[in-house]
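Coordinate inspection notes
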Amino acid sequence: MTAEPRAPLPVPSPVQPSVRRPLSSAAVPAAPPPRHARPPLVRDDFTIFCDGVRRICGIDLGQYKRQQMERRVRTFAERQGAADLAAYLQRISTDAEELEAFLDRVTINVSQLWRNPDQWTRLERTVLPELMGEGRALKAWSAGCSYGAEAYTLAALCRHVAGPAGAGGARIEITGTDVDRRIVERARHGVFTADDARDAPSALLQRFFEPSPDGAWCARSAIRPLVRFEVADLLRIPPRHEAYDLVLCRNTVIYFTDEVRDALHAKLVQSLRPGGYLVIGSTERVTNTTGLGLVPAYPFTYRKAA
Ligand SMILES: C[S@@+](CC[C@H](N)C(=O)[O-])C[C@H]1O[C@@H](n2cnc3c(N)ncnc32)[C@H](O)[C@@H]1O
């Protein structure tokens, strides 16, 4: 989907300039404005800032929930010492490092290995055995992958479910995509902190991640080749037509407006082959499942009708 330019937000009518009235005007109440008259459209500083960011790097902040995004942007700009949003826009348009730091801040990269463990247990026991039965290949997409914890967790579970027979056989391809270039670079390293691993089941963690003396966990060679990462803006890329058996898009759409979220879900469903599964975050929902051809299969998990 190509990001549409954000419509300027209506703001309350500014005070009208005074006009000369007949002396008797006090006795003749002014006609009320027509009921459907639209207030003049005025671009506020945040809207102008969003337009500028879109011009600089293509990311359309106007598609995210405004209240949260605006608060994050203003707080960060202030912390960086900018006098106002116009000054900060000027700065990120000339300072590539500042732009990266800014995007890092506004894209919220929180993640962890085995995040929401119940979801992973369900995948391990139901969806993955079904998709990978009889040595079938699996293509999966972690959409909004952050630093890769989700993609590596999935890789570990796929290896586990495939069992010894699958070790050299069934092809498993997991693609992680994120809009944040720096976070994608980090994902490629496959290194996670002790805190990232706090909910990981110990046996699987040890089997697929190597501990290092500083408490970090590095993805082992058994799962590394299964994952690859790309920089991609979910709001701008076209659907990957029926390319995947499984799409995970968790904790990413919560920042989008409802319309943008629904359009993105539709795009993700188009990217699933019939019979494939879409997994969303445990605080999220898909509206219009029937219209999208989805059947609820498990909590926060939908199957695309075959
Ligand atoms: C909270 S993280 C979720 C990570 C992982 N899915 C999980 O549940 O642990 C949300 C990620 O979505 C990414 N994101 C936000 N807007 C995006 C967009 N338009 N396209 C792609 N990724 C986006 C952010 O950069 C961030 O890394």
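Here's a quick rundown of the structure. (Residues numbered from 1 in each chain as written. Predicted model: local features only at pLDDT ≥ 70, side-chain atom pairs only at ≥ 80, totals over all residues.)

**Description of the overall build of the protein**
- Tallying secondary structure elements over the protein gives 10 helices and 10 strands in all.
- Here the contacts in the protein between residues at least 6 apart in sequence split such that 76% fall between residues at least 24 apart. (Helix = DSSP H or I, 4+ residues; strand = E, 2+ residues; numbered from the N terminus. Contact = placed C-beta atoms within 7 Å.)

**Concerning the sheet that holds strand E10 (residues 301-304)**
- The 7 strands lie next to each other as E6-E2-E1-E7-E8-E10-E9, forming an open sheet whose pairing is mixed. Since the sheet does not close on itself, it has two edges, and those belong to strand E6 (227-231) and strand E9 (294-298), each with one partner. Put simply, the sheet's adjacent strands are angled 20° from each other on average, direction ignored.
- With 5 bridges connecting them, strand E2 (residues 172-178) and E6 associate as parallel partners. Paired with Thr-177 across the two strands is Glu-230, which belongs to E6.
- Those strands touched by helix H5 (residues 117-132) are strand E1 (138-143), strand E7 (244-249), strand E8 (272-280), E9 and E10, and its axis lies near 165° from that of E7.
- On the sheet, helix H7 (residues 181-189) packs against E2 and E6 and is oriented at approximately 165° with respect to E6. (Pairing = 2+ DSSP bridges. Axes fitted to C-alpha atoms, helices over the stretch in contact; angles between N-to-C directions.)

**A closer look at the environment of His-241**
- You can see His-241 is positioned in the loop between E6 and E7.
- In this structure, His-241 is in contact with Gln-270 and Ser-271, ignoring residues within four places of it in sequence.

**Concerning the site of the ligand**
- Around the ligand, the structure places 21 residues, and the nearest of them are Thr-107, Ser-111, Gly-144, Ser-146 and Val-179.
- Of the residues that constitute the shell around the ligand, the class distribution is 8 nonpolar, 7 polar and 6 charged. (Near = placed C-beta within 6 Å. Nonpolar A, V, L, I, M, F, W, Y, C, P; charged D, E, K, R; others polar.)

**Remarks on the pairing of E10**
- Side chains Tyr-302 and Lys-304 project from E10 onto a buried face, and the interleaved Thr-301 and Arg-303 project onto a face without burial.
- Judged from the 3 bridges that link them, E8 and E10 form a sheet pairing that is antiparallel. Bridged to Tyr-277 within E10 is Arg-303.
- For E9 and E10, the ladder comprises 4 bridges, and the chain directions are antiparallel. Following the sheet pairing, Leu-294 is matched in E10 by Lys-304.
- Hairpin connection of E9 to E10: 2 residues between the antiparallel strands, including Phe-300 at a positive phi of 60°. (Buried ≥ 20, exposed ≤ 12 C-beta atoms within 10 Å, placed from the backbone.)

**Considerations on the environment of Tyr-88**
- Relative to the helices and strands, Tyr-88 resides in helix H3 (residues 85-94).
- Assessed through the 23 C-beta atoms surrounding it within 10 Å, Tyr-88 is described here as buried.
- In this structure Tyr-88 touches Ala-77, Gln-80 and Ala-82, once residues within four positions along its chain are discounted.

**Digging into the nonpolar core**
- By size, the foremost hydrophobic cluster in this structure holds 77 residues, and its most contacted members are Tyr-152, Ala-155, Cys-158, Leu-246, Val-247 and Leu-278.
- If one sorts the elements of this core by residue count, helix H6 (residues 149-166) sits on top with 10 residues.
- Here this core spans two domains, since at least three of its residues come from each of domain 1 (40-106) and domain 2 (117-304). (Core = buried A, V, L, I, M, F, W, Y, C linked by C-beta atoms within 7 Å. Domains from an automatic or database assignment.)

**Observations concerning the packing of helix H1 (residues 45-57) against H3**
- Put simply, H1 and H3 touch, their axes get as near as 9 Å, and they point 5° apart. As the angle between them shows, H1 and H3 are arranged roughly parallel. For the pair H1 and H3, the contacting residues are Asp-45, Phe-46, Phe-49, Gly-52 and Ile-56 in the first and Leu-85, Ala-86, Leu-89, Ile-92 and Ser-93 in the second.
- Looking at side-chain class alone, the contact of H1 with H3 contains 7 nonpolar, 2 polar and 1 charged residues. (Parallel < 35°, antiparallel > 145°, perpendicular 65-115°, else oblique.)

**Brief notes about the packing of helix H2 (residues 66-79) against helix H4 (residues 96-106)**
- In contact at an axis separation of 10 Å, H2 and H4 are set at 140° when each is read in the N-to-C sense. Between H2 and H4, the angle is such that the two are oblique. Between H2 and H4 the crossing geometry is right-handed. Contacts from Met-69, Arg-72, Val-73 and Phe-76 of H2 reach H4 at Phe-102, Arg-105 and Val-106. (Left-handed = near helix turned anticlockwise from the far one by under 90°.)

**With respect to unusual backbone geometry**
- Although it is not a glycine, Asn-116 sits at a positive phi angle of roughly 55°.
- According to the C-beta neighbour criterion, Asn-116 is partly exposed, with 18 such atoms within 10 Å.

**Observations regarding the sheet that holds strand E5 (residues 217-219)**
- Taken in spatial order, the 3 strands make up an open sheet running E3-E5-E4, and their pairing is antiparallel. Two strands in the sheet have a free side with no partner beyond their single neighbour: strand E3 (191-192) and strand E4 (209-211).
- Relative to E5, E4 is paired through 3 bridges, and the arrangement is antiparallel. Considered in E5, the bridge of Glu-210 is made with Cys-218.

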